[in-house]
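Examining the three-dimensional arrangement
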Amino acid sequence: MRNLVKVFREERNLTQKELGERVGVSRQAINAIETGKFDPSIWLAYDLARFFGVSIEALFLFEENDRK
Amino acid sequence: MIRLLRYPAINGIFISLFSAFYSLIFFITAGHIEFQRILYYTSSTLKPKPFWSNWAAFLHAGNQKYIGAAIIILTLLIIVFLIKQHRPYDEYQVKILANCFMTAGFITICAVALLFFYILSEHVGTVEKMTLFIIVHWISVLIADLVFVLYCHKKKKISLRYT
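Here's what I pulled together on the structure shown here. (Residues numbered from 1 in each chain as written. Chains lettered and ligands numbered in written order. Predicted model: local features only at pLDDT ≥ 70, side-chain atom pairs only at ≥ 80, totals over all residues. Heavy atoms only, no water.)

1. Overview of the overall build of chain A
Helix and strand content of chain A: 5 helices and 0 strands. Going residue by residue from the N terminus, the α and β elements of chain A occur as α-α-α-α-α. Relative to the compact-globule value of 11 Å for 68 residues, chain A shows a C-alpha radius of gyration of 11 Å, a close match. Overall, chain A is about 30 × 20 × 20 Å in size when its C-alpha atoms are taken along their principal axes. Sorting the 68 residues of chain A into buried and exposed places 43% on the buried side. Partitioning the contacts of chain A with sequence separation of at least 6, the portion at a separation of at least 24 is 55%. Of the roughly 3,900 Å² that chain A leaves accessible, carbon and sulfur atoms contribute 49%. Charge-centre separation for chain A: the mean point of 11 positive side chains lies 5 Å from the mean point of 11 negative side chains. (Helix = DSSP H or I, 4+ residues; strand = E, 2+ residues; numbered from the N terminus. Rg over C-alpha atoms; globule rule 2.2 N^0.38 Å. Buried < 20%, exposed > 50% of the residue type's maximum accessible area, 1.4 Å probe, protein only. Contact = heavy atoms within 4.5 Å. Areas by Shrake-Rupley, 256 points an atom, 1.4 Å probe, with all protein chains shown as cover. Lys, Arg positive; Asp, Glu negative; His and termini not counted. Charge placed at Lys NZ, Arg CZ, Asp CG, Glu CD.)

In structure tokens, the structure reads:
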């Protein structure tokens, strides 16, 4: 799933590791989310959106083609 | 079930139990006369394939104890890194671990079917064949698990959850 995690992270000058530490996941998880290899759970998506101060829909781009 | 995979201790207990079981068998059977008797390809009246006769000779000499030792060493390495993993795996790591188990399960199912077919094709030397299968299978599991724990190994302290 396409998302703007990397955009918001870089706006705040955070590394993947730092962002992972803030939301309680590993650097590998953040990298996988940013590259679209991994779709986070609803709670992790919520934590990320709350951290960036945006809605989940603003952070993750829901498209019908991505529906599993 | 998936929730159990979050805890490195579960991984450690699972690996330790089976490693202890296999290494104990290898240590007990090494040089044990009853085990040597049930080996088929060590019979001098036979003309088996070189691979199986060499493998049977390896087992007959009791060298499987070194394989048992290698299993213990690999398991201890895994446990050391698991102990250093201070927090549960996150959902991404659990997904990788679950996928690893599914892949291993699928490969095992296929390997068992192939082994069954092979034994039916040549029904003798079952002990040698099963022993080789178990060794290759379990060493592969340990190496894969070691790669996983190294991949997840972290040096930082417990992270602060954003509030």
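Next, the rest of the story.
2. Here's the deal with helix H1 (residues 8-29) of chain B
Residues and elements named next belong to chain B. Under the 1.5 Å per step criterion, the end-to-end length of H1 is 32 Å for 22 residues, consistent within 8% with the ideal 32 Å. Within the sequence span of H1, burial applies to Pro 8, Asn 11, Gly 12, Ile 15, Ser 19, Tyr 22, Ser 23, Phe 26 and Thr 29. Taken down its axis, H1 places every buried residue within 150 degrees of arc, on the same side. Facing away from the buried side of H1, by more than 90 degrees, are the exposed residues Ile 13, Leu 17, Leu 24 and Ile 28. Positive backbone phi, approximately 75 degrees, marks Gly 31, located one or two places after H1. (Expected span 1.5 Å × (residues − 1). Arc of directions from axis to C-beta.)

3. A short note on the environment of Gly 20 of chain A
Residues and elements named next belong to chain A. Within the element layout of this structure, Gly 20 appears in helix H2 (residues 16-23). Judged by its relative accessible area of 0%, Gly 20 is buried. Spatially, the C-alpha atoms of Gly 20 and Ile 33 are 11 Å apart, while their sequence positions differ by 13 residues. Residues in contact with Gly 20, not counting those within four places in the same chain, are Val 25, Ser 26 and Ile 30.

4. Quick notes on the nonpolar core
Grouped together as the largest cluster of nonpolar side chains are 34 residues, with contacts concentrated most on Tyr 89 and Val 149 of chain B. Every element with two or more residues in this core is listed here: H1, helix H3 (50-60), helix H4 (64-84), helix H5 (91-121) and helix H6 (126-152) of chain B. The greatest single-element share of this core, amounting to 11 residues, is contributed by H6 of chain B. Val 149 of chain B has contacts with Asn 11, Ile 78, Phe 81, Leu 82 and Tyr 89 of chain B, leaving out every residue within four places of it along the chain. One finds Ala 29, Ile 33, Leu 48 and Phe 60 of chain A within the second-largest nonpolar core, a separate group that totals 21 residues. (Core = buried A, V, L, I, M, F, W, Y, C linked by side-chain atoms within 4.5 Å.)

5. Examining a nonpolar patch on the surface
Residues and elements named next belong to chain B. On the surface, Ile 13, Phe 14, Leu 17, Phe 18 and Phe 101 cluster together into a nonpolar patch covering about 470 Å² of accessible area. Tracing the backbone through its elements, the reader meets Phe 14 in helix H1. Among the residues examined, Phe 14 registers a relative accessible area of 36% and is labelled partly exposed. (Patch = residues over 30% accessible without salt bridge, like charges linked within 9 Å, V, L, I, M, F, W, Y side chains within 5 Å. Salt bridge = Lys/Arg side-chain N within 4 Å of Asp/Glu carboxyl O.)

6. Section: the packing of H4 of chain B against H6 of chain B
A packed helix pair is summarised by two numbers, namely the angle formed by the two axes and the spacing between the axes. Residues and elements named next belong to chain B. Running from N to C, H4 and H6 point in directions that differ by 20 degrees, and their axes come no closer than 9 Å. Considered as vectors, H4 and H6 are oriented roughly parallel to each other. Between H4 and H6 the crossing geometry is left-handed. Contacts between H4 and H6 involve Ile 67, Ile 71, Leu 74, Thr 75, Leu 77, Ile 78, Phe 81 and Leu 82 on the former and, on the latter, Ile 135, Trp 138, Ile 139, Leu 142, Ile 143, Asp 145, Leu 146, Val 149 and Leu 150. When its residues are assigned to classes, the contact of H4 with H6 shows 15 nonpolar, 1 polar and 1 charged. (Axes fitted to C-alpha atoms, helices over the stretch in contact; angles between N-to-C directions. Parallel < 35°, antiparallel > 145°, perpendicular 65-115°, else oblique. Left-handed = near helix turned anticlockwise from the far one by under 90°. Nonpolar A, V, L, I, M, F, W, Y, C, P; charged D, E, K, R; others polar.)

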